[in-house]
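Okay, here's what each chain looks like letter by letter:
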Amino acid sequence: MELKMRLCVALLCVCALLGAGVRAQQEEMEMDVEDAIDDMQEEDVEEEELATPTPAPVPTVTYKAPEPMGEHYFAESFDKGTLQGWVLSEAKKEGIDEEIAKYDGKWEVEEMQNTKLPGDKGLVLKSRAKHHAISGLLLRPFTFDTKPLIVQYEVNFQTGIDCGGAYVKLLSQTPDLDLAEFVDKTPYTIMFGPDKCGEDYKLHFIFRHKNPKTGEFEEKHAKKPDADLRTYYTDKKTHLYTLVLNPDNSFEILIDQTVVNSGSLLSDVTPPVNPPAEIEDPEDHKPEDWDERPKIQDPDAVKPEDWDEDAPAKIPDEEAVKPDGWLDDEPEYISDPDALKPEDWDEDMDGEWEAPQIPNPVCETAPGCGPWERPVIDNPNYKGKWKPPMIDNPNYQGVWKPRKIPNPDFFEDLHPFRMSPFSAVGLELWSMSSDIFFDNFFITSDRSVAERWAEDGWGLKKAAEGAAEPGLMTQMITAAEERPWLWVVYVLTVALPLVLIIVFCCTGKKSSAPAAAAEYKKTDEPQPDVKDEAEEEEAKEEEPEEKKSEEEDSTGEAEEAAESDHKDDSTSHEKSEDDILRRSPRNRKARKD
């Protein structure tokens, strides 16, 4: 009994925790929206308390453009509704047809489709299958010295993305930089952001490194993130992309303020910043007598005399017998008697027409049709072509490799963070999808300032989008429709605890003996025989201690009932008491005691 009670309590606790978890998620979503509203609106609490209780209207979030609160190099929220400060490229792409060489893709500043924040505007790539290029100057050039670089901006693939990019380029500071001539070959220092084509989901971080020996630039690509990026391209939500570069050469890439990739510029980029100190000598060649064979055929092996190389691999089964009813004279296939020659059949062009072949219906009920042949089996005497066994090569010299020599192009750059300064940010993109939404570009050297900008911009947008999302139950049903196996999880999580509670708490064998003894009524009517006293004593010894104590309590109640009746009717006392004792072995034992 005690074990059942403990199991019931444990199951009830599990159900309570599940319910609390659901309520906590709903409360957390509500708190996010309330915090955003409190940040953007100041409400008079005293007036609300004094006002007449009426149903409160659904609160709306009033958008306010983020403002930079610290040192920064670039900040753009597009909330003025214009492209002021931005330059559209008037150049043409080299090496392609004139018709598609122009950067004539359209850009607009407008609100997001189905926006949850009226008044929040962004830069939108409007055209499909066209080249787009737009750029803007920084407040001052960024120089890589002792401070980190933080670049962040928002992207929303409003209509999804089939094939195209949404990355930014930090354009290198050069004397001839002309934003109106911004093209794909314009020198850049860093390229960063999402890119997708087909099922290849990328998050670029590429920087151009200058070779200190030759002065030439080479692109270095950061390793691929381990995280699955698919959701960020398909959920049609606004995501915040952040790149952090530190003077110690470490880097971090974040999406929605969560790190998805990190590493070092010295060890986690391809090709490496520093070339190897040694290389293989291109003038070294493998000697003609170099033996790289670890195994060779045994030259002393001799083919056995009884080895038959001509024995076939398969032979007819001599023990096979033709099945009864085999139709030797019936062909397996016949011409379709219902087939008709097409009206447009030209025998001069198409040849003589023949009806198509169909299975012979006569053979359907027979073991087989046509000439019977014995089936073939593996030949037990088959050995195949004899080959000498393989042995270790006594002249094996290993796999030859050319010798190493010092790399004439070797250099060691221990500070790849010190890249070329940049003075502008640009978007040079081609996409098969339109309506890509960009917003809240920000470049700084202070991470706390960047986080404040993100909180005032993307954080408010996230809260508004979260408030418009369907409830938890709707999300669970939607997820189960996409992944039917989730229904099993739901059943096991909700239904199984309820079933166990019913089984352990609401069922079980009830003991009727104590109740019968307690409610027993005196009567002179004959009663059915009971088990012998010896059998009752044996059964009672096997019962647990709890049951014994219950039986003793029931005996006491019966005796009290008997004493009360004695005061009312002394004449029938002895007879009634004897009847009770005769019917109940427990009472007989109590009387003996």
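Residues numbered from 1 in each chain as written. Predicted model: local features only at pLDDT ≥ 70, side-chain atom pairs only at ≥ 80, totals over all residues. Heavy atoms only, no water.

## Some thoughts on the side chain of Q152
Then comes step 1: Tracing the chain through its elements places Q152 in strand β6 (residues 149–157).
Then comes step 2: For Q152, the contacting residues outside a window of four places in its chain are L240, Y241, T242, N440, F441, F442, A450, W453 and A454. (Helix = DSSP H or I, 4+ residues; strand = E, 2+ residues; numbered from the N terminus. Contact = heavy atoms within 4.5 Å.)

## Focus on the state of the cysteines
Any covalent bond linking the sulfur atoms of two cysteines counts as a disulfide.
Then comes step 1: Summed over the entire model, instances satisfying the criterion amount to 2 disulfides.
Then comes step 2: The residue that forms a disulfide with C163 is C197, at a sulfur-sulfur distance of 2.0 Å. For the disulfide bridge between C163 and C197, the dihedral angle about the S-S bond is near -95 degrees, and by the sign convention the bridge is left-handed. Residue C163 is found in strand β7 (residues 163–165), and its partner C197 is found in strand β9 (residues 188–197); the two are separated by 34 residues along the sequence.
Then comes step 3: Owing to a relative accessible area of 43%, C197 belongs among the partly exposed residues under this scheme.
Then comes step 4: A disulfide bridge connects C363 with C369, and the sulfur atoms are separated by 1.8 Å. Its S-S torsion of approximately -120 degrees makes the covalent link between C363 and C369 left-handed. With respect to burial, C363 and C369 carry one shared label: buried. (Disulfide = S-S within 2.5 Å. Buried < 20%, exposed > 50% of the residue type's maximum accessible area, 1.4 Å probe, protein only.)

## So, unusual backbone geometry
Then comes step 1: Residue P271 follows T270 across a cis peptide bond; omega there is -10 degrees.
Then comes step 2: When you line up the elements, P271 lands in the loop between β15 (269–270) and β16 (278–280).
Then comes step 3: The phi dihedral of N249 falls on the positive side, at around 75 degrees, and the residue is not glycine.
Then comes step 4: One can find N249 in the loop between β12 (239–245) and β13 (250–255).
Then comes step 5: Under the relative-accessibility criterion, N249 is labelled buried at 6%.
Then comes step 6: The residue N440 is not glycine, and still its phi comes out positive at about 55 degrees.
Then comes step 7: Mapped onto the fold, N440 is located in strand β25 (residues 436–444).

## Brief notes about the packing of aromatic side chains
Then comes step 1: By the definition in use, this model includes 19 aromatic pairs.
Then comes step 2: Judged by centre distance (5.3 Å) and plane angle (85 degrees), the rings of F144 and F417 are edge-to-face. Here F144, found in the loop between β5 (130–142) and β6, pairs with F417, found in the loop between β23 (404–406) and β24 (422–431); they are 273 residues apart in sequence, far enough to count as distant.
Then comes step 3: With relative accessibility at 6%, the residue F144 sits in the buried group.
Then comes step 4: For F417, a relative accessible area of 2% corresponds to the buried category.
Then comes step 5: With 5.3 Å between their ring centres and 55 degrees between their planes, F205 and F251 make a pair best called tilted. Of this pair, F205 sits in strand β10 (residues 200–210) while F251 sits in strand β13; the two residues are 46 residues apart in sequence, bridging distant segments of the chain. (Phe/Tyr/Trp six-rings, centres within 6.5 Å; stacked < 30°, edge-to-face > 60°.)

## Here we look at a negative patch on the surface
Then comes step 1: On the surface, a cluster of negative charge is contributed by E343, D344, D346, D348 and D350.
Then comes step 2: Mapped onto the secondary structure, D348 falls in helix α5 (residues 347–350).
Then comes step 3: According to the relative accessible area criterion, D348 is exposed, its value standing at 75%. (Patch = residues over 30% accessible without salt bridge, like charges linked within 9 Å, V, L, I, M, F, W, Y side chains within 5 Å. Areas by Shrake-Rupley, 256 points an atom, 1.4 Å probe, with all protein chains shown as cover. Salt bridge = Lys/Arg side-chain N within 4 Å of Asp/Glu carboxyl O. Lys, Arg positive; Asp, Glu negative; His and termini not counted. Charge placed at Lys NZ, Arg CZ, Asp CG, Glu CD.)

## Focus: the environment of T82
Then comes step 1: By the element assignment, T82 lies in the loop between β1 (74–76) and β2 (86–88).
Then comes step 2: Here the alpha-carbon distance between T82 and E110, two residues 28 residues apart in the chain, equals 8.9 Å.
Then comes step 3: A distance of 3.4 Å separates the side chain of T82 from the backbone nitrogen of Q84, its partner in a polar contact. (Polar contact = N/O pair within 3.5 Å; in protein donor to acceptor, adjacent residues only side chain to side chain.)

## Some words on a nonpolar patch on the surface
Then comes step 1: Side chains of V488, L492, L496 and L500 sit close together on the surface and give an oily, nonpolar patch of about 330 Å² of accessible area.
Then comes step 2: As for its placement among the helices and strands, V488 is situated in helix α8 (residues 486–505).

## Remarks on the nonpolar core
Then comes step 1: Counting 63 residues, the largest nonpolar core has L149, I190, F205, L245, F438 and I443 as the members making the most contacts within it.
Then comes step 2: Setting aside residues no more than four positions away along its own chain, F438 makes contact with F78, W107, G122, L123, L125, Y153, E154, V155, A166, L427 and L429.
Then comes step 3: Formed by 7 residues, the second largest nonpolar core is a distinct cluster that contains I150, V244, A450 and W453. (Core = buried A, V, L, I, M, F, W, Y, C linked by side-chain atoms within 4.5 Å.)

## So, the confidence of the model for the protein
Then comes step 1: Summarising the model, the protein shows a mean pLDDT of 80, and 72% of its residues fall at 70 or more.
Then comes step 2: For the stretch residues 39–59, pLDDT sits under 50, and the model shows 9 contacts to residues farther than four places along the chain or on other chains.
Then comes step 3: When the criterion is pLDDT under 50, residues 511–522 qualifies, and its contacts beyond four places in sequence or with other chains add up to 13 contacts. (pLDDT = per-residue confidence, 0-100.)

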